[in-house]
Amino acid sequence: MERKKRSPETEKHKKEKRREIDRMEQVQITQWCRRFIEEQVQEGDWCIDATAGNGNDTELLCRLVGEAGRVWAFDIQEQAIEATRKRLAEKGLSDRARLILGSHAEMERYIEGAEGRISCIVFNFGYLPGGDHSVATQADTSVKAIQQGLRLLKKGGLMSLCIYSGGDSGFTERDVLLDDLKQLDPKQYLVIVSEYYNRPNHPPLPVLVIRL
Ligand SMILES: C[S@@+](CC[C@H](N)C(=O)[O-])C[C@H]1O[C@@H](n2cnc3c(N)ncnc32)[C@H](O)[C@@H]1O
């Protein structure tokens with residue numbers, strides 16, 4: 001049977017659609033935060049991914065710190081740590097990261113001697129995409145982790161937080177975190193809370209904290 005030749009309109013339509021998806025991805029919360037992370041992290045830096053998940057942020061940090069840098073990545077789920085391990089191995093980045101199956105609320109215990117040395121800490125709260133939605137970050141442990149992370153940050157260091165609410169996430173974690181961040185000493189930390197102002201249905205909140 002003779003194959004139908006694709007019309008140029010269809011190809012054009014597909015390209016347009018692809019461009020539209022690219023544009024949407026660029027404005028996703030994680031991509032938005034990544035711009036600031038990429039600007040912040042230099043070769044040789046020490047960084048933390050507090051919620052490794054599928055390893056996207058761990059991979060980014062590993063790339064940015066280069067061979068001389070170090071990355072610590074935490075997750076309480078074995079599935080997440082394994083996914084991150086696999087991702088780093090495939091990209092040849094395994095040597096740059098220490099993967100920890102444990103809570104970020106204990107991060108200071110795992111990263112001794114790093115107080116005031118960390119360049120960037122990434123939090124992407126909520127549940128593992130494609131995983132069990134009932135295993136998600138919780139307000140009390142998230143607050144502990146942020147407090148420890150802030151002590152670990154160096155002057156000029158950046159903490160990036162993607163905060164979700166509504167649906168499976170509820171509102172407690174978002175409200176507790178925002179309350180806590182509001183209390184931070186303005187002489188020591190700059191806190192920027194961004195907003196997807198015209199998006200309906202509880203859009204996520206990208207938050208940046210800079211240690212002054
Ligand atoms: C939205 S996902 C992270 C996505 C990830 N940054 C990525 O690039 O794929 C949130 C992750 O936080 C993890 N998590 C939940 N509570 C945690 C805790 N106390 N300590 C560390 N990780 C935790 C979950 O298991 C889940 O994998």
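Refer to the structure above for everything that follows.
Quick look at the structure, then.

### A few points about helix 6 (residues 139-152)
- Compared with the 20 Å implied by 1.5 Å per residue over 14 residues, the 20 Å span of helix 6 between its first and last C-alpha is a close match.
- Within helix 6, burial applies to S142, A145, I146, Q148, G149 and L152.
- In this structure, the buried side of helix 6 is in contact with strand 1 (46-49), helix 5 (107-110), strand 4 (118-124), strand 5 (153-163) and helix 7 (172-182).

### Structural notes on the sheet that holds strand 6 (residues 189-193)
- Pairing is mixed in the open sheet, where seven strands are placed in the order 3-2-1-4-5-7-6. Edge positions in the sheet fall to strand 3 (97-101) and strand 6, since each of these pairs with one other strand and no more. Strand-to-strand twist across the sheet, computed as the mean angle between neighbouring axes with direction ignored, equals 10°.
- One ladder, built from four bridges, connects strand 1 with strand 4; its direction is parallel. Each bridged residue has a counterpart across the sheet, and for I48 the counterpart in strand 4 is I121.
- Lying on the sheet, helix 7 is in contact with strand 5, strand 6 and strand 7 (205-211); it crosses strand 7 at an angle near 30°.

### Observations regarding unusual backbone geometry
- Of note, N201 is a non-glycine position whose phi angle comes to about 60°, a positive value.
- With respect to the helices, strands and loops of the structure, N201 is situated in the loop between strand 6 and strand 7.
- With a phi angle near 50°, H202 is a residue other than glycine that sits in the positive phi range.
- Following the sequence through the fold, H202 ends up in the loop between strand 6 and strand 7.

The rules behind each value
Residues numbered from 1 in each chain as written. Predicted model: local features only at pLDDT ≥ 70, side-chain atom pairs only at ≥ 80, totals over all residues. Helix = DSSP H or I, 4+ residues; strand = E, 2+ residues; numbered from the N terminus. Expected span 1.5 Å × (residues − 1). Buried ≥ 20, exposed ≤ 12 C-beta atoms within 10 Å, placed from the backbone. Contact = placed C-beta atoms within 7 Å. Pairing = 2+ DSSP bridges. Axes fitted to C-alpha atoms, helices over the stretch in contact; angles between N-to-C directions.

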